[in-house]
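What follows is each chain in one-letter form.
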Amino acid sequence: MSAAELPGFSTSRFRAEREADWIAFDLLLTRLEKKGAAALTSDELLQLPILYRATLSSLSIARATSLDKALLDHLEALSIRGYFLVYGVRETRLSRIRRFFRYDWPAAVRALWKETLIIALIITLGVATSYSLVASNPEWYYNFVPEEMSGGRDPHATVEFLRSTLGHGKEAAADEQQSGLHVFATYLFTHNSQVSILSFALGFAFGVPTMMLEYYQGIGLGAMLALFAGKGLGVDFGGWLFIHGTTELFAAALSGAAGLRIGAAVVFPGARGRLEAASDAGRTAGKVMVGVILMLLVAGVLEGFGRQLITDTMLRYAIGTVMLLVWLAYYYIPRREDVA
Amino acid sequence: MTAAQNAKLRTAQAKKIREFVTPEGVDLQLRIASSGLRLGALIVDLTAITVTLFIFNLLVDWIGHATPRDVTFVIWMLGAFILRTFWFIGFELSSRAATPGKRMMGIRVVARDGGRLTADAVVARNLIRELELFLPLMMLGVGAAEDMVSGWTILAGVIWSLTLSLFLLFNRDRMRMGDLIAGTWVVMAARVKLDSDIAAAAEAGAIRFADAELAVYGIYELQELERILRGRDPRAMREVADTIRAKIGRPVAEEDDVFLLSYYRQLKARLERGLLFGKRREDKYASE
């Protein structure tokens, strides 16, 4: 038999017979990837799985019979793209978002209640430590609060100055406007978010750096509290802190809890593999972290606007308490989905 | 190249290939993206973020004419934070599961268990990035700003944070810390255009090769020959043609491209016939 004679089954013929399907599938995929499912008519959507299966079967046949590398590579790439689109997108983005807010987010937070309690305890411990130290000897303050963060709020400041930093009265507000308060607020927001993200991200190191970071946050807070309380401004400072603090500290505790969950999964994976345990914990923690960033945004708005507009201490306490109750209710009141 | 070297090269390539069986029972053989491609994608994305911020800043400047300096400052601080947090998350949540940088490099994010890539996985893998990317930079920044910490402490910090950043170099699957936590992979997803079939055209003035002349090569050589033919570089074609002529003992009588094309077609036909009979000859070192 001469070598030029073609065998009964020819890969050229195979390609000629099926190429139209591949091109059609490629076109559909490209449109889906660019514009989403809305770009396709219902006829085309019905065709999609048919063309996908045709391409997969072409790939199997080509692997067994053809040595044309360009053809094999093309079919492989096309099948991979097809697989991820056909099996990937089962929900619209809108329903995904709705499900996140209605169910996934609070459920993830609820799942972390133990870790949240531990972190809350650690923050409280930090507050108590520095509070008692500064209350007994104000010089300790300088060890806890870095100078650029305190902005002159230290044990040597006068009561009037300290009161003015709490933003009471119109003049103080105007003053803060001029002194570039929005820069400071932006700085605080990005700083707090970053600390939260870090305390989450550091969790995989067995959760130890996370706990240290949260403890340190408590330390700074306790020192400030002791300072203001020492000058008889404790209640006012509490209001100043409370209006956004309940949201912000809650968010901080949740981010720490998310980190701790990952750390715990790495140390005690249980019956599953370590890798699997870590990625399970990572997904729960990821949901919580989206929530944390949203909470920090709310806290940022409360801090930036609420505190400027509302100068009455009692009202500040009220808003802070309401926010706390709203979050608690949102997260911990059981839903109907829990029963199902 | 010896047989051993050849086999080594092939296993090295195979190491990057992971079995990925679809519900239809076809193994898609995903290839893990190389660390170089991923670094390239990261650089593209960071550049894009910076350029976006810069343009936005110019725009604000242009609208407000002479804006005060601290507005610029706020834009950069807040913008950089929001962009670098949500740029990656936003793009990876789309159906292509890739940032513009990843698209450019032809790679994408995939759930390791073969399931759907969920939003929480995308969020988790990208928030960890903060740690891998910015912690070493922060360490350096802190070290430069304050010299109250000793140099050794800073060095230890930088090294520790670098091991986090370079984590993907130390495992087979090229997983970042974030991939590990989120249960994801980054794999090749380049589009491959369907090239014309170079064996399809009718053979006019073809050279006939005897079976013994075709029997010297296997699949590996055939596909290398295809690469050369598609590349259309005359120098490479000359080199390959001369090698084949020397191997099968033919004088230089035809144009290189005519010679190579004829040889490719007949070798391909011969090997594919072998496939139909269940004989797969990987390369020239394998026995018939």
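Thresholds applied
Residues numbered from 1 in each chain as written. Chains lettered and ligands numbered in written order. Predicted model: local features only at pLDDT ≥ 70, side-chain atom pairs only at ≥ 80, totals over all residues. Heavy atoms only, no water. Helix = DSSP H or I, 4+ residues; strand = E, 2+ residues; numbered from the N terminus. Buried < 20%, exposed > 50% of the residue type's maximum accessible area, 1.4 Å probe, protein only. Areas by Shrake-Rupley, 256 points an atom, 1.4 Å probe, with all protein chains shown as cover. Polar contact = N/O pair within 3.5 Å; in protein donor to acceptor, adjacent residues only side chain to side chain. Contact = heavy atoms within 4.5 Å. UniProt positions renumbered as here; feature names shortened; annotations may be inferred. pLDDT = per-residue confidence, 0-100. Domains from an automatic or database assignment. Buried area = accessible area lost by both parts, 1.4 Å probe. Salt bridge = Lys/Arg side-chain N within 4 Å of Asp/Glu carboxyl O. Phe/Tyr/Trp six-rings, centres within 6.5 Å; stacked < 30°, edge-to-face > 60°. Lys NZ or Arg CZ within 6 Å of the ring centre and 35° of its normal. Axes fitted to C-alpha atoms, helices over the stretch in contact; angles between N-to-C directions. Parallel < 35°, antiparallel > 145°, perpendicular 65-115°, else oblique. Left-handed = near helix turned anticlockwise from the far one by under 90°. Nonpolar A, V, L, I, M, F, W, Y, C, P; charged D, E, K, R; others polar.

The name that an unreviewed UniProt entry assigns to chain B is RDD family protein, with the source organism given as Sphingopyxis lindanitolerans.

With an unreviewed UniProt entry as reference, chain A is termed Stage II sporulation protein M, source organism Sphingopyxis lindanitolerans.

Undergrad: Please clarify how the overall build of chain A should be interpreted in this entry.
TA: Each helix and strand in chain A was counted, giving 15 helices and zero strands. Buried residues in chain A amount to 50% of all 340 residues. Per element, the accessible surface of chain A, about 16,300 Å² overall, is 66% carbon and sulfur.

Undergrad: Would you mind going over the side chain of Asp-283 of chain B with me for this structure?
TA: Residues and elements named next belong to chain B. By secondary structure assignment, the location of Asp-283 is in the segment after α11 (256-276). Of the polar contacts made by the side chain of Asp-283, one reaches the backbone nitrogen of Tyr-285; its length is 3.0 Å. Asp-283 has contacts with Asn-6, Arg-10, Gly-218, Ile-219, Tyr-220 and Glu-221, leaving out every residue within four places of it along the chain.

Undergrad: How should the UniProt feature "transmembrane region" (unreviewed entry) in chain B be read in this particular structure?
TA: All names here are of chain B. Look at the UniProt record and you will see "transmembrane region" (unreviewed entry) annotated at residues 39-59, 71-94 and 151-170. Along residues 39-59, the helical share is 100% and the strand share 0%, with 30 Å between the first and last C-alpha atoms. Between the end C-alpha atoms of residues 71-94 the distance is 32 Å, and the span holds 92% helix and 0% strand.

Undergrad: Explain the confidence of the model for chain B here, please?
TA: The predicted coordinates should not be examined in detail at positions where pLDDT is low. Put simply, chain B has an average pLDDT of 81, and 83% of its residues get 70 or more. Mean pLDDT in chain B bottoms out at helix α1 (residues 3-15) of chain B, which sits at 68, and peaks at helix α4 (residues 100-105) of chain B, which reaches 92.

Undergrad: Looking at this structure, I do not really get the domain arrangement of chain A. What am I missing?
TA: Interfaces are often sized by the amount of accessible area the parts lose when they come together. Here chain A is partitioned into domain 1 (12-87) and domain 2 (94-332). Taking only C-alpha atoms into account, the centre of domain 1 of chain A sits 51 Å from that of domain 2 of chain A.

Undergrad: Looking at this structure, how should I read the interface of chain B and chain A?
TA: Facing the 78 residues of chain B at the interface are 72 residues of chain A. Across the chain B/chain A interface, buried area totals approximately 6,500 Å², and carbon plus sulfur atoms make up 66% of it. Seen at the junction of chain B and chain A, the total is three salt bridges. Here Glu-33 of chain A ties to Arg-96 of chain B by a salt bridge, and the two come within 4.0 Å at their closest N and O atoms. Between the two partners, chain B and chain A, sit twelve residue pairs in polar contact (both at pLDDT 80 or more). At the level of elements, α3 (69-92), β3 (107-111), α5 (119-145), α6 (151-165), α7 (177-182), α9 (219-231) and α11 of chain B are the ones that each hand at least two residues to the side of chain B that touches chain A. Among the elements that line the side of chain B that touches chain A, the one with the most residues is α5 of chain B, at eleven residues.

Undergrad: Would you take a moment to explain the packing of aromatic side chains for this structure?
TA: Geometry of an aromatic ring pair is reported as the spacing of the ring centres plus the angle between the planes. In the structure shown here, the tally under the stated rule is 23 aromatic pairs over all chains. Considering the side-chain rings of Phe-25 of chain A and Tyr-52 of chain A, the 6.3 Å spacing of their centres and the 45° angle between planes classify their relative orientation as tilted. Taken together, the positions of Phe-25 of chain A in helix α1 (residues 11-35) and Tyr-52 of chain A in helix α2 (residues 42-65) put the pair 27 residues apart, joining distant regions of the chain. As far as burial versus exposure is concerned, Phe-25 of chain A and Tyr-52 of chain A are alike and both buried. Members of the aromatic cluster, connected to one another through ring pairs, are Phe-100, Phe-101, Trp-105, Phe-250, Trp-327, Tyr-330, Tyr-331 and Tyr-332 of chain A. Above the ring of Phe-259 of chain B, the side-chain terminus of Arg-245 of chain B is found at 4.5 Å from the ring centroid.

Undergrad: Looking at this model, I keep getting lost on the confidence of the model for chain A. Mind explaining?
TA: Put simply, chain A has an average pLDDT of 80, and 86% of its residues get 70 or more. In this model residues 1-7 of chain A is a low-confidence stretch, pLDDT under 50, and it forms eleven contacts with partners more than four residues away in sequence or in other chains.

Undergrad: Can you help me understand the packing of helix α13 (residues 274-309) of chain A against helix α14 (residues 313-332) of chain A in this one?
TA: Geometrically, a packed helix pair is captured by the angle between its two axes and the distance between the axes. Residues and elements named next belong to chain A. Orientation of α13 relative to α14, taken along the N-to-C sense of each, is 165°, at an axis distance of 12 Å. By the angle between their axes, α13 is roughly antiparallel relative to α14. Considering how the two elements wind past one another, α13 and α14 form a crossing that is right-handed. Note on element contacts: α14 touches α13 through Arg-316, Ile-319, Met-323, Trp-327 and Tyr-331, opposite Met-295, Val-298, Leu-302 and Arg-307. Here the contact of α13 with α14 is built from residues that sort into seven nonpolar, no polar and two charged.

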